[in-house]
Amino acid sequence: MKTIHESVSTPKADGYRMPGEFEPQTRIWMAWPHRTDTWAWGAKPAQKQYADVARAIAQFEPVTMCVNQADYANAKAVFEDDENVTVIEMTTDDAWVRDTGATWVVNDEGDKRAVHWHFNAYGGFENGLYFPWDKDEQIALKMAEMSGCGRYRPQRFITQPCRPESFILEGGSIHVDGEGTVITTDMCLLDPGRNASVTDYEPWSEELRAYCDEQLKKYLGVEKVIWVKDGIDPEETNGHIDDVAQIVAPGKVLCIWSDDPDYPFYNECHAAYETLSNAVDAKGRKLEVTKLCMPVKPLYMDQASCDSIDTEEYAEPRVADEPLIASYMNFLIVTGGVIVPQYGDENDELAVQQIQAAFDEAWGEGVYKAVGVKTDQVVFGGGNIHCITQQEPAGK
């Protein structure tokens, strides 16, 4: 399929935009976990929970599961009786398809194209999590091919042939409302290992922010960028927005919250809520922000799980007693459903109820059904349901 480089055109110039996650979808993409230096106990507990997530999604729409060759036979057997889950062979370095996969954009005629971001394993040689990442860098290209879509590529061969990447982005670092607004974080996009590494701008600078603003507008088809200062995961994803906030509907946002000053993410919760509550979107609406609880008991990495994870020279080691990014916000919106992380915490049911209430208020009672899935082993790997999935919007 055709590749459209930045010197030729961009989605916005061609009349394309990234649709909101709540807009019609054709399927969800996932990638099977396999790294024994990321996942505890040989990745088997994580694989079970990935399967549980896939089956929850499959109640609402099809799932395409991408699996390395060595794991293909086993994964095919796991989903043998799941008619709405298709297992395909695709080589990956890790299993975070939200961040490695394509972001689709659509136009008013229903045509669909893919955006193939540059990916550097969450910070490249500056502060990335693993090496190599070349297989993950190819995933979006393969997804675009399989969906029959041309792809946009932020690349500048002519102006800087020795440093062609013009924009590094992971899908978990953005949320759009489909009506011209994107929410992101300083902590991720302005980090030294992201776009400062492929430009001449200083990390955290206003010049770098302005550059990222322009790139987001060009490639997502948006008019307004809302910047939240910090996420809650400074060490791994460098603060992705999908642990902090989510757009339920245009003008309506959920934000994480804790009333406990001793909670590990108390300050970040309150700062994000303050920023979003005072933000205005591209349509001039002041955002309506609703609070979503955090687990009562923060989750921490345990020594037994650390001991079961392989040590690898080019991967970030796991450390016992480090806080895990256990946020109910890392849910996925699918066609008629919302798939919500669960941790075995006393707030699990409350979180599902709060999310259900938010969607009922935004879209009408019964339009969406919130479904909880146990994902404590997924969070051990550094993410959750939104991180391990990528929606493909419906086209013509």
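Predicted model, so just to flag it, every value in this text is computed and none were measured.

Asks: Explain the nonpolar core to me, using residue names and the numbers behind them.
Replies: Grouped together as the largest cluster of nonpolar side chains are 50 residues, with contacts concentrated most on Leu276, Phe331 and Ile355. Listing elements by their share of this core, those giving two or more residues are strand 10 (224-228), strand 11 (245-249), strand 12 (252-257), helix 8 (266-277), strand 13 (288-293), strand 15 (337-342), helix 10 (348-363) and helix 11 (376-380). Here the element with the most residues in this core is helix 10; it accounts for five residues. If you look at the next biggest cluster of nonpolar residues, it comprises 37 residues, including Val53, Ile57, Ala95 and Ala121.

Asks: Can you explain the sheet that holds strand 7 (residues 151-153)? Please cite residues and give values.
Replies: Strand order across the open sheet formed by four strands is 1-7-6-5, with mixed pairing between neighbours. What marks the edges here is a single partner per strand, and that holds for strand 1 (3-5) and strand 5 (103-106). Across the sheet, the mean angle from the axis of one strand to that of its neighbour is 30°, orientation sign disregarded.

Asks: So what's going on with the environment of phenylalanine 331? Which residues, and what values?
Replies: Structurally, phenylalanine 331 is set in the loop between helix 9 (303-308) and strand 14 (332-334). For the pair phenylalanine 331 and glycine 231, spaced 100 residues apart in sequence, the C-alpha to C-alpha distance is 16 Å. Other than its neighbours up to four places away in sequence, phenylalanine 331 contacts Glu21, Gln246, Leu254, Leu292, Val338, Ile339, Val340, Pro341, Ile355, Phe359 and His386.

Asks: Could you give an account of the confidence of the model for the protein, naming the residues involved and the relevant values?
Replies: Of all residues in the protein, 98% attain a pLDDT of 70 or more, and the chain-wide mean is 95. Looking across the protein, the model is least confident in helix 9, with a mean pLDDT of 87, and most confident in strand 14, with 99.

Asks: With reference to specific residues and values, describe empty space enclosed by the protein.
Replies: Under the counting rule described, the total for this entry stands at four cavities of 30 Å³ or more. In this structure, the largest cavity encloses a volume near 70 Å³. As for the largest cavity, its lining consists of 13 residues, of which Met18, Pro19, Trp104, Gln391 and Pro393 are closest to the centre. Broken down by element, the residue count for the lining of the largest cavity peaks at three residues, all from strand 17 (residues 389-393).

Asks: So, the pairing of strand 10: which residues are in play, and what are the values?
Replies: Of all five residues that make up strand 10, four are buried, and the element is covered over most of its length. Two elements, strand 9 (residues 181-185) and strand 10, share five bridges in a ladder whose sense is parallel. In the strand pairing of strand 10, threonine 181 is matched with lysine 224.

Rules used in this analysis
Residues numbered from 1 in each chain as written. Predicted model: local features only at pLDDT ≥ 70, side-chain atom pairs only at ≥ 80, totals over all residues. Heavy atoms only, no water. Core = buried A, V, L, I, M, F, W, Y, C linked by side-chain atoms within 4.5 Å. Buried < 20%, exposed > 50% of the residue type's maximum accessible area, 1.4 Å probe, protein only. Helix = DSSP H or I, 4+ residues; strand = E, 2+ residues; numbered from the N terminus. Pairing = 2+ DSSP bridges. Axes fitted to C-alpha atoms, helices over the stretch in contact; angles between N-to-C directions. Contact = heavy atoms within 4.5 Å. pLDDT = per-residue confidence, 0-100. 1 Å grid on protein atoms, 1.4 Å probe; cavity = no way out; pocket = protein on both sides within 12 Å on 5 of 7 lines; lining within 4 Å. Points joined across faces, edges and corners; volume = space filled by probe spheres on them.

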